[in-house]
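Spelled out, the chains give:
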Amino acid sequence: MAALKITNFLGIAPKIASELLPDTAAQIAKNIKLYSGDLIPYPQPVVAGDTGQSGTVKTLYGLRNPSTGAVEWLSWLTDVNIAIATSNEDSNQRFYYTGDGVPKVSDYTLATNGAAPYPVGYYNLGLPVPTGKPTTTTTAFTTKDSTSFARDASGIATLVTSTPHGLRTGSIVTVSGFTSVAGTYNQPGGTTITVTINNHGLPSGATVTLDFTSGTAVDGTFTISNVTTNTFDVTASAAATTSGSVNLDIRSFNVTNIEISVVNSTTFTYSSPGFQIATTANTQGKIDLGGFNQVRTYAYSWYTPWEEESIASDPSDELLLKEGQVVTVSNLPSTKPTGNNFVRGIRLYRTVPSSSGTRYFRLNTLWFPLALTRVQRTSNVSRVTTEFPHNFSIDDRFKISGCGVASFDITGGIVTDVIDNYTFEYAQVAGNEPSTAVVVGTLFYDVSQTPGTSTAQYWGDSGNYDFTDDFNVTSLLDVLESDEYEAPPENLKGLVAMQNNILAGFVANEIYFSEPNLPHAWPRPYKITIEHDVVGLAPIGGSLLVLTESFPYIIQGSDPAAAFSTQRIDLQYPCLNIKSIVTLSGGVVWSTHDGLAYYSPFAGAQLVTKFNYNNDTWTTDLDPTTIVGTFYSDMYFASHSTGAFTFERDEKLGGLFVTLGETDLLENLLLENGNGLSLETSGLFLLEDTIAESLVGFSSTWYDALNNKLYYTSKFAINAGTIYQWDDLSQAPLSMQWKSKTFKTKDMINLGAGRVIADYLPVASTVLDTNWENVSTNWEATSGTYGITDQVIFKLYVNKELIFTKPLSNSNTFRMPSGYRSDTFEFEVEGNIRIREVHMAETPIGLKEA
């Protein structure tokens with residue numbers, strides 16, 4: 001006795017003839033989850049928000065409100081690619097994107113500053129090149145005279161100058177002019193010589209060199225003893241009676257090209273091996289800059305609070321000067337460059353020669369004066385809020401003026417606490433300020449080498465944007481590295497983030513790369529050119545998959561400066577739509593001519609839908625150039641011009657393919673069956689797919705990895721701006737549809753009994769005896785009352801024609817038509833509850849054998 005029992009349901013495979021399909025595969029599988037082997041309907045989509053757009057949304061993205069965690073929706077009417085390549089530690093949620101004009105960068109604050117649709121604010125990605133160049137004025141160094149000298153026991157000399165020396169710790173100087181200190185001596189017949197030099201400053205035991213200029217004493221180096229303020233004794237090599245003039249040799253204080261340490265404006269120290277001597281008045285010494293004349297130039301770059309730096313300006317005209325000369329640098333910009341950028345200051349550089357060549361070293365970062373939006377004081381602590389990021393660290397120094405309340409103005413202010421990027425505090429004794437906050441004023445930054453000293457420079461104060469370079473060259477540590485930090489091409493597309501925080505994008509057949517961790521910097525030498533025009537990019541396994549109009553390519557490497565390697569994959573799987581590219585199951589899936597192509601570093605490239613589709617069936621069922629794909633629940637979830645589908649890879653089965661959309665309406669099925677029942681008379685009601693507009697196709701998606709939720713916008717204009725959540729299990733189910741393969745039996749038979757096991761809910765009904773062969777009444781004339789919402793519709797096809805439709809509300813046996821014989825059968829189930837098994841046989845007894 002022939003019987004069928006169908007469990008472990010599969011999806012569709014249009015490539016295979018319906019009679020050759022596996023027994024549990026389908027001709028139609030719509031709105032169904034197949035992960036368990038049962039038929040489980042997807043829940044109805046539920047409205048989750050609104051983009052505020054009036055047109056079809058092509059790109060959807062979510063940012064989280066830092067305070068509430070709620071999602072704020074970004075949306076575009078164009079195909080936009082978004083990449084993340086910076087830290088979210090400060091909750092800025094900075095993101096970079098292409099596809100909306102020139103490449104751009106924004107963050108939560110900028111993007112949501114106003115009314116939807118978002119993003120509202122952004123900056124162009126990349127910085128402009130400075131158009132001006134600095135000018136310079138040199139202040140000549142004037143030779144300084146000494147007023148006193150000294151040397152301690154460790155050989156450190158101290159010089160005091162008659163006027164401020166203008167030197168810095170680390171300056172290289174030449175000390176000259178010191179010769180000798182004159183005195184007299186007396187040797188009264190023995191070997192003891194007494195030397196008289198007023199206030200000589202020498203300690204007992206000092207070793208000195210004496211030059212006897214008259215008398216018969218012999219010159220030499222002696223150790224002194226019997227020291228008084230004005231005299232000391234030395235021992236001669238032989239007894240004699242003589243006297244005369246003597247000079248104490250102090251030429252050891254003369255040095256060439258020595259590095260000094262500044263004590264104060266008129267005092268400095270340096271290394272000078274020799275005898276110890278206390279501070280002694282002396283005006284012989286001459287102090288001049290040491291070293292050789294060097295060529296020097298200056299340049300500046302634009303700089304942002306996001307630590308982005310531009311290519312440097314043209315250098316200033318060459319100077320020929322010694323290290324230590326003071327240079328005034330002028331013609332520096334006083335405002336940000338034109339255009340939509342985040343520049344708020346400059347970095348100033350000067351050349352420093354070395355044995356390995358001349359390079360630019362940074363003098364300082366010069367922030368433009370900053371407007372204040374709020375100043376308020378509590379318990380002698382003033383809190384300042386600025387218009388743009390203040391860029392302060394604790395102990396930085398500043399000046400505030402123009403507050404309108406004198407007690408808020410301050411010179412030499414010191415930052416005591418940084419609250420956030422826009423707010424800092426400083427200590428100040430309360431004055432007669434008002435109780436409400438002051439919202440005017442300007443902040444100036446101290447850009448001197450030693451903030452807080454008398455040489456403080458408040459850049460931009462009183463309109464002065466000149467910079468005084470009196471910096472110690474040994475304090476210059478940071479080299480200019482932005483010589484090739486170009487902005488990305490204005491027509492860059494397909495932005496993605498690779499390993500090491502490298503951004504990549506393309507123009508035609510050229511792929512561009514940013515510097516690692518520097519999304520704004522796109523050196524042109526990093527560009528790679530391939531044979532075919534690029535359609536899209538996908539990072540995978542530490543590499544970059546390049547999908548083109550022809551062959552795929554793999555680019556490998558961790559740093560573009562070290563050169564990437566490029567390899568063509570010799571399988572011609574062109575990418576037909578950048579929106580179809582999805583990272584899935586350890587690889588990348590994209591739409592191509594014959595189905596969905598797949599690449600992974602381990603499996604290579606292949607057609608992952610080859611079990612389900614070939615070229616004929618693929619292009620018949622859909623237009624692959626219109627596929628928009630996304631990742632959800634380890635499946636490829638896609639929409640296209642005429643519908644939607646899910647595809648789940650399965651190594652054993654090849655893949656589970658399910659379409660999404662409207663199913664047939666029950667009333668049409670009843671009328672087609674000719675059983676004389678209508679929806680009203682049968683009491684059968686199914687939820688019509690009034691929400692199917694949102695299900696049939698989407699135009700954009702965003703997967704919330706934090707909460708495992710998928711959101712999308714409809715491709716239909718009637719609700720284009722509405723955001724839906726997919727697969728919310730709290731929602732009512734959709735109506736699903738599954739049609740079996742074509743079963744061919746060995747003999748001509750009549751399938752007369754059926755049973756559909758499903759999760760029916762208990763409802764009030766007139767239950768019929770399941771063994772209808774024992775029912776004495778006319779079984780065909782007996783009707784029952786069924787559940788209103790949770791139902792199953794069963795259909796039987798014989799010889800490819802629908803001959804029977806039956807609404808079901810329980811798992812009992814039901815009778816099917818008699819009076820025919822055939823060897824070709826198909827069945828279909830439609831409903832909104834979980835279906836576990838379908839049994840068919842010639843008789844109810846035969847069902848037990850199924």
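Fair warning: this is a prediction, and the values are worked out from it, not measured in the lab.

K.L.:
Please clarify how the layout of surface pockets should be interpreted in this entry.
P.N.:
Empty space among the atoms can be located by rolling a probe the size of a water molecule over them. Taken as a whole, the second largest pocket holds about 1200 Å³ of empty space. Along its surface, the second largest pocket is lined by 40 residues, and Tyr61, Asn81, Ile82, Ile581 and Trp702 are the ones closest to its centre. Counting residues per element, the ones that place at least two in the lining of the second largest pocket are β6 (59-64), β8 (81-83), β40 (493-498), β44 (534-540), β48 (582-584), β52 (628-632) and β56 (698-704). Classifying every residue of the lining of the second largest pocket gives 23 nonpolar, 12 polar and 5 charged.

K.L.:
What's the story with the pairing of strand β1 (residues 3-6) in this structure? I'm lost.
P.N.:
Looking down a regular strand, the side chains alternate between one sheet face and the other. Residues Leu4 and Ile6 line the buried face of β1, whereas the alternating positions Ala3 and Lys5 sit on a face that is not buried. Pairing of β1 with strand β66 (residues 835-841) involves 4 bridges; the strand directions are antiparallel. Following the sheet pairing, Lys5 is matched in β66 by His839.

K.L.:
Can you walk me through empty space enclosed by the protein in this structure?
P.N.:
What the rule picks out here adds up to 5 cavities of 30 Å³ or more. Volume-wise, the second largest cavity comes out at about 110 Å³. Considering the residues around the second largest cavity, the lining is formed by 17 residues, among which Ser171, Gly324, Asp470, Phe471 and Asn472 are closest to the centre. For the lining of the second largest cavity, a count of residues per class yields 5 nonpolar, 6 polar and 6 charged.

K.L.:
Just checking my understanding: could you explain the pairing of strand β26 (residues 286-289) for this structure?
P.N.:
Only one face of β26 is covered, namely the face carrying Ile287 and Leu289; the face carrying Lys286 and Asp288 is uncovered. Bridge count for strand β13 (residues 144-151) against β26 is 2 bridges, and the pairing is antiparallel. Each residue of the ladder has a partner; that of Asp145, found in β26, is Lys286. The pairing of strand β15 (residues 172-176) with β26 spans 4 bridges and is classified as antiparallel. Looking at β26, one finds that Ser176 is bridged to Lys286.

K.L.:
Explain the sheet that holds strand β9 (residues 95-98) to me, please; I cannot follow it from the model alone.
P.N.:
Across a sheet, strands are paired by hydrogen bonds formed along the backbone, either parallel or antiparallel in direction. Strand order in this open sheet of 4 strands is β8-β9-β10-β11, and the pairing throughout is antiparallel. The sheet is open, and its two edges are formed by β8 and β11 (123-124), each paired on a single side. Pairing analysis gives 2 bridges linking strand β10 (residues 104-106) to β11, with the strands arranged antiparallel. Directly across from Val105, in β11, lies its bridge partner Tyr123.

Scoring rules and cut-offs
Residues numbered from 1 in each chain as written. Predicted model: local features only at pLDDT ≥ 70, side-chain atom pairs only at ≥ 80, totals over all residues. Heavy atoms only, no water. 1 Å grid on protein atoms, 1.4 Å probe; cavity = no way out; pocket = protein on both sides within 12 Å on 5 of 7 lines; lining within 4 Å. Points joined across faces, edges and corners; volume = space filled by probe spheres on them. Helix = DSSP H or I, 4+ residues; strand = E, 2+ residues; numbered from the N terminus. Nonpolar A, V, L, I, M, F, W, Y, C, P; charged D, E, K, R; others polar. Buried < 20%, exposed > 50% of the residue type's maximum accessible area, 1.4 Å probe, protein only. Pairing = 2+ DSSP bridges.

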